[in-house]
Amino acid sequence: MEHQELLAGFVRMHILHHAAKDGLYGQWMIEELAHHGYKISAGTLYPMLHGMERKGYLKSLKKRDGKTYRRFYRATPLGRKALALVRTRLNELFDEVARKRRKRAKLAGKQS
């Protein structure tokens, strides 16, 4: 994944978003991330999930899914709180970017 260090935060936010919404399991999350252009391997995702669980953002439960068992992850209250904070900060960033874009467009219009 190009720019992996920067995009890792976005991957974690995708994980928290889906874990807060419906819950997830690893292979499903790999496929979901691929729909958004992230090519992430199981060897990258599972340590990330385990780390987020160790830090208290996720809680997992082993469930039977057909003939196999899957580890399902859900967001904890701490994970939901972190997701709310990130959404606020992302909105602030998007607003700032939009303001600067409008300002540049306005200046370009005056120069024409």
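Everything that follows concerns the structure shown earlier in this document.
Since the model is a prediction, treat every value here as computed from it, not as a measurement.

Reading guide: rules and limits
- Residues numbered from 1 in each chain as written.
- Predicted model: local features only at pLDDT ≥ 70, side-chain atom pairs only at ≥ 80, totals over all residues.
- Heavy atoms only, no water.
- Core = buried A, V, L, I, M, F, W, Y, C linked by side-chain atoms within 4.5 Å.
- Buried < 20%, exposed > 50% of the residue type's maximum accessible area, 1.4 Å probe, protein only.
- Helix = DSSP H or I, 4+ residues; strand = E, 2+ residues; numbered from the N terminus.
- Salt bridge = Lys/Arg side-chain N within 4 Å of Asp/Glu carboxyl O.
- Pairing = 2+ DSSP bridges.
- Contact = heavy atoms within 4.5 Å.
- Axes fitted to C-alpha atoms, helices over the stretch in contact; angles between N-to-C directions.
- Left-handed = near helix turned anticlockwise from the far one by under 90°.
- Nonpolar A, V, L, I, M, F, W, Y, C, P; charged D, E, K, R; others polar.

Comments concerning the nonpolar core
Side chains of a nonpolar character, in soluble globular proteins, are inclined to be buried together. Ile-15, Leu-45 and Leu-58 are the most contacted members of the largest nonpolar core, which has 20 residues in total. Among the secondary structure elements, those contributing two or more residues to this core are helix H1 (4–21), helix H2 (26–35), helix H3 (42–54), strand E3 (68–75) and helix H4 (77–111). The leading source of residues in this core is H1, at 5 residues.

Some thoughts on the pattern of salt bridges
As enumerated under the stated definition, the model contains 1 salt bridge in all. A salt bridge links Lys-100 to Glu-96; the shortest N-O distance between them is 3.5 Å. Taken as a pair, Lys-100 and Glu-96 lie in helix H4 at a separation of 4 residues, close to a single helical turn. Classification of Lys-100 as partly exposed rests on a relative accessible area of 47%.

With respect to the sheet that holds strand E1 (residues 24–25)
Ordered in space as E1-E3-E2, the 3 strands form an open sheet in which the pairing is antiparallel. Bordering the open sheet on either side are E1 and strand E2 (58–65), each of which pairs with just one other strand. Judged from the 2 bridges that link them, E1 and E3 form a sheet pairing that is antiparallel. Residue pairing across strands places Leu-24 opposite Tyr-73, the latter belonging to E3. Strands E1, E2 and E3 of the sheet are contacted by H1, whose axis makes an angle of about 100 degrees with E3.

Some details on the packing of H1 against H3
One can describe the packing of H1 onto H3 by two numbers: an axis separation of 11 Å at closest approach and a directional angle of 65 degrees. For the crossing formed where H1 meets H3, the hand is right-handed. Of H3, the residues touching H1 (which contributes Gln-4, Val-11, Arg-12, Ile-15 and Leu-16) are Thr-44, Leu-45, Met-48, Leu-49 and Met-52. Residue composition of the contact of H1 with H3, grouped by class: 7 nonpolar, 2 polar and 1 charged.

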